[in-house]
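Per-entry structural report
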Amino acid sequence: MKLNVMVVDDSAVMRAMVKKSLSLCGIELGEVVEAANGVEALEKLASSWVDLALIDVNMPKMNGEELLNHIREDEATVPLNVIVISTEGSETRISRLKSKGARFLRKPFSPENLGNQIREMLGETHGDGSGNQALPVSGPDF
Amino acid sequence: MAMDLETKLYQSAARTFEEVCFLLTLREPGPELPAASEREIGVRIGFDGVFHGALEITCPASIAEHLANSMLGGDKPTAQQRQDAFGEISNVITGNLLPSIAGDKLVFDVTAPATLEGQQPLPWGPSARVRLRSDEGPIDLVLYIEDYDLGARS
Ligand SMILES: [Mg+2]
């Protein structure tokens, strides 16, 4: 099954890099939706089916942490797979993000890092006992 | 202490340029104010946490073009893409720098990178200043931390 991915970052260059990495990282990619901040991301989540959201932290209007809070508060999006991709250096904030069921990938990252995170996350999704709820996404060999 | 800040600033920046776009840089001793022609592209990123301040980074357009090229590949980048790529690199440098100064337990809110052009000057003196030399030209970094003025301490 192809994976629909939302890329949320205020930098168009970074969104392009993430998209390029997605196409190189060995996952079967479906639709890719882009958003430039948290507000835009919530609007698009309401109208498109997304299996995985890749979210930046530092963004104007609504940052990635606030977006993650909204995602986890809304019944429709609470099981969404989220990977935060950021320059964030504070372990305190990173732990806070992880406690809300997000994975973390530090910029700069390689397509291989991204692919591994996605495969691990989907493995967890299909696994058991991880405590993580997630959308029932099936991938090629995950 | 000021020297220490400059070393941290240098290391955060040099590592980022090398990792993100294979741009090798050398630290220049005793940086002077960069000439206007060398400050064609500029970015300011503010931060707020246990201390607050900003990092400003300037460089010639040729460097920003090199960065955008290595990040995007393909066609000649537009002026917007150059600025955007330079802003993103500045983000990574700030993300490396703050924990190297304050440790990795403290949380900072970091603003989105803003074009330096047309901005009000900051109300504080620089706390650290570093110039990097690269094959593509010079890169200047000035760190401002409130109540931490390089001039007042040296
Ligand atoms: Mg950002």
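Let me begin by describing the structure that accompanies this report. Not measured: the values here are computed from a predicted model.

A few words now on the side chain of Ser90 of chain B. Mapped onto the elements of the fold, Ser90 of chain B is located in helix H3 (residues 79-102). Residues contacting Ser90 of chain B, with those up to four places away along its chain left out, are Val43, Ile45 and Ile57 of chain B.

This brings us to the sheet that holds strand E1 (residues 3-8) of chain A. All names here are of chain A. The parallel open sheet is built from five strands, whose spatial order is E2-E1-E3-E4-E5. Looking at the sheet topology across the chains shown, the edges are occupied by strand E2 (29-35) and strand E5 (102-106). Adjacent strand axes in the sheet meet at a mean angle of 20° when their direction is disregarded. Bridge count for E1 against E2 is five bridges, and the pairing is parallel.

This paragraph deals with H3 of chain B. All names here are of chain B. Here H3 is 24 residues long and its end C-alpha atoms lie 34 Å apart, about the 34 Å a rise of 1.5 Å per residue gives. Of all 24 residues in H3, 17 are buried; the element is thus mostly enclosed. Immediately beyond the C-terminal end of H3, within one or two residues, lies Gly103, with a positive phi of roughly 85°.

Here we come to helix H1 (residues 12-24) of chain A. All names here are of chain A. End to end, H1 covers 18 Å across 13 residues, agreeing with the expected 18 Å (1.5 Å per residue, within 8%). For H1, the complete set of buried residues consists of Val13, Met14, Arg15, Val18, Ser21 and Leu22. The residue sitting at the N-terminus of H1 and contributing the capping side-chain oxygen is Ser11; that oxygen lies 3.3 Å from the backbone nitrogen of Val13.

Note on pairing: side chains with opposite charge can pair once their charged atoms come close. Applying the stated criterion to the full structure yields 20 salt bridges over all chains. Two residues, Asp109 of chain B and Arg93 of chain A, come together in a salt bridge whose shortest N-O distance is 2.7 Å. Residue Asp109 of chain B is located in strand E4 (residues 109-110), and its partner Arg93 of chain A is located in helix H4 (residues 91-99); the two belong to separate chains. A residue is classified by how much of its surface remains accessible, and Asp109 of chain B, at 44% relative accessible area, is partly exposed. Residue Arg15 of chain B is joined to Glu19 of chain B by a salt bridge in which the shortest nitrogen-to-oxygen separation is 3.8 Å. Placement of both Arg15 of chain B and Glu19 of chain B in helix H1 (residues 2-21) is noted, with a separation of four residues, approximately one turn of the helix. Via salt bridges that share partners, Glu65, Glu88, Arg93, Arg96 and Lys100 of chain A together with Asp109 of chain B belong to a single interconnected network.

Cut-offs and rules
Residues numbered from 1 in each chain as written. Chains lettered and ligands numbered in written order. Predicted model: local features only at pLDDT ≥ 70, side-chain atom pairs only at ≥ 80, totals over all residues. Heavy atoms only, no water. Helix = DSSP H or I, 4+ residues; strand = E, 2+ residues; numbered from the N terminus. Contact = heavy atoms within 4.5 Å. Pairing = 2+ DSSP bridges. Axes fitted to C-alpha atoms, helices over the stretch in contact; angles between N-to-C directions. Expected span 1.5 Å × (residues − 1). Buried < 20%, exposed > 50% of the residue type's maximum accessible area, 1.4 Å probe, protein only. Polar contact = N/O pair within 3.5 Å; in protein donor to acceptor, adjacent residues only side chain to side chain. Salt bridge = Lys/Arg side-chain N within 4 Å of Asp/Glu carboxyl O.

Functional significance is not addressed by these values, which are geometric in nature.
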